[in-house]
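Inside the fold
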Amino acid sequence: TITSHTANVAYNELISERQLVLCDTVRKPGMEAKSRAFHRAGPRKLLHFDPARVNAAIVTCGGLCPGLNNVIRELTHSLYYLYGVPNVYGIRGGFQGFHEEEGGEPLRLTNELVENIHHEGGTILRSARGGFDMDRILSFLQQHHIQQLYVIGGDGTHRGAYAIAQECIARNLNIAVAGIPKTIDNDIGFIDRSFGFTSAVEAAQAGIRTAKTEAMCNVPNGIGMIKLMGRSAGFLAAYAALGSNDVDLVLIPEVTIVLDDILPFLRQRIHEQGYAVVVVAEGAGEELLGVSEEVDAGGNRAKPKIGEYLQQQISSYFDAHNETATIKYIDPSYTVRSVPANGADSMYCMQLSQNAVHGAMAGLTGFSTGMVGGSTVYLPMPPLVAHSPRTLSPYGRTWGRILAMTGQ
């Protein structure tokens, strides 16, 4: 029998299970008469775990993203400062860090150790794709007496985290598994945005300014082309372009590239202003180059080399018109994803982390934290991953703003 414990932290407001946040706040003709809602995140009066007996573990999986160190820091602070747990461990190198012969001994996280890590990009725990082994993970959790596991990663990582939560239930292990959604592509379903996205947009704009400078200062027919991350969704490319207001052509995976349209448009724009700036998402152009059969350790397909392909097509098109295109190609992908979180993302990481700890302490498992409609909620992992990756609608308002800005 598990005894519920009363929270020993003084809060001005404790959240009840009957507080909900509506998901479908914008109603449109033809929608069902019912709406979806998620439980509001926050501290509960009754706790499932006795914090004084909780050992917690944190793992970061997948690619880097601004804010990873912030989340590690805030999870650690929340567990120690808000609940007084005795031990917090960091798993090194993603899921494969649960194999101690590969990842090494777990890192014992302390408030002093994590105090200044939010000023640095990346993750002090290091990260990796793949390496998921259920038996080894559960063996590690039992051996180190872990009662709470915090998993930071994208939709694939969340599928693994939910499998761990279900297996813990099947084996009658009193372990809560909480997720914090992470993707630089901002393609996790339901949530307003993923942490690190605004920092990545900000960093991408620096690359766009570089591309514009190169385009303006090189003749004849200067073109600055910048490739940004966006495996299946063009949110980063679109938001960076809109934020910079310096872009003449935006290409994303959700919108088919028609060379007979974009090449004449690009040439005309250069004739009008003397240069052009192009932003292309890495996943764009599969309809031209085909879908790769190569996959990485995380199961993600390799993307076609759209940047190099476009350079060749643009050069050939200008050559056919007895003109020369001076193309400067910039790929700042790893620069964008490895920057520290900005102020807005730092605040967001704190909200997500604190609420993940509140949820796990209350006995929730197989859930993730995210912001929906401006409120932080608890999202069950199955629908979260079922609606991921989401894509940018080519008929929506964001793409409409792109067309209005570029005229493409």
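Residues numbered from 1 in each chain as written. Predicted model: local features only at pLDDT ≥ 70, side-chain atom pairs only at ≥ 80, totals over all residues. Heavy atoms only, no water.

**Focus: empty space enclosed by the protein**
Spelled out, the test is: We place a 1 Å grid over just the protein atoms. Points where a 1.4 Å probe fits but has no way out form a cavity, open points with protein on both sides within 12 Å along at least 5 of 7 lines form a pocket, and any residue with an atom within 4 Å of a point lines it. Grid points are joined across faces, edges and corners, and a volume is the space filled by probe spheres set on the points. By definition, any uninterrupted DSSP run of H or I lasting at least four residues is a helix, any uninterrupted run of E lasting at least two residues is a strand, and each is numbered from the N terminus. In the scheme used here, Gly and all other residues not listed as nonpolar or charged are polar, with Ala, Val, Leu, Ile, Met, Phe, Trp, Tyr, Cys and Pro taken as nonpolar and Asp, Glu, Lys and Arg as charged.
Following the criterion strictly, the structure yields one cavity of 30 Å³ or more and no others. Roughly 40 Å³ of internal volume is contained in the largest cavity. In this structure, the largest cavity is lined by M225, L249, L251, I262, L266, V278, L310 and I314. Elements with a minimum of two residues in the lining of the largest cavity: β11 (249–251), α8 (259–273) and α10 (306–320). In terms of residue class, the lining of the largest cavity is built from eight nonpolar, no polar and no charged.

**Describing the sheet that holds strand β2 (residues 20–22)**
Note the threshold: Here a strand pair is declared whenever DSSP counts at least two bridges between the two strands. Note on method: axes are straight lines fitted to C-alpha atoms, helices fitted across the in-contact stretch only, with angles between N-to-C directions ranging 0 to 180 degrees. In this description, contact between two residues means that some pair of their heavy atoms is separated by no more than 4.5 Å.
One open sheet accounts for nine strands, arranged β2-β3-β15-β14-β9-β8-β5-β6-β7; its pairing is mixed. Two strands bound the open sheet, and with one partner strand each, they are β2 and β7 (107–109). The sheet shows a mean angle of 35° between the axes of neighbouring strands, taken without regard to direction. Across the sheet, helix α1 (residues 68–82) is in contact with β5 (55–60), β6 (87–91), β7, β8 (148–153) and β9 (176–181); its angle to β8 comes to roughly 165°.

**Quick notes on the layout of surface pockets**
Approximately 910 Å³ is the volume found for the second largest pocket. What lines the second largest pocket is a set of 24 residues, among which K28, F190, F235, R390 and T391 lie closest to the centre. Mapped by element, the contributors of at least two residues to the lining of the second largest pocket are α7 (235–244) and α14 (397–406). Here the lining of the second largest pocket gets three residues from one element, more than from any other, and that element is α14. The residue makeup of the lining of the second largest pocket, split by class, is 11 nonpolar, seven polar and six charged.

**Some points on the packing of α8 against α10**
Heads up, the condition is: Oblique is the label for any angle not covered by the other classes, which are roughly parallel (under 35 degrees), roughly antiparallel (over 145) and roughly perpendicular (65 to 115). In this scheme the crossing of two helices becomes right-handed for a clockwise turn of the near helix relative to the far one and left-handed for an anticlockwise turn of less than a right angle.
α10 packs onto α8 with a crossing angle of 65° between their chain directions and a minimal axis gap of 11 Å. Of the possible angle classes, the one that applies to α8 and α10 is roughly perpendicular. Of the two possible hands of crossing, α8 and α10 adopt the one that is right-handed. Taking contact as the criterion, the partners of L259, I262, L263, P264, L266, R267 and I270 in α8 are, on α10, Y309, L310, Q313, I314, Y317 and F318. Of the residues assigned to the contact of α8 with α10, the class counts are 11 nonpolar, one polar and one charged.

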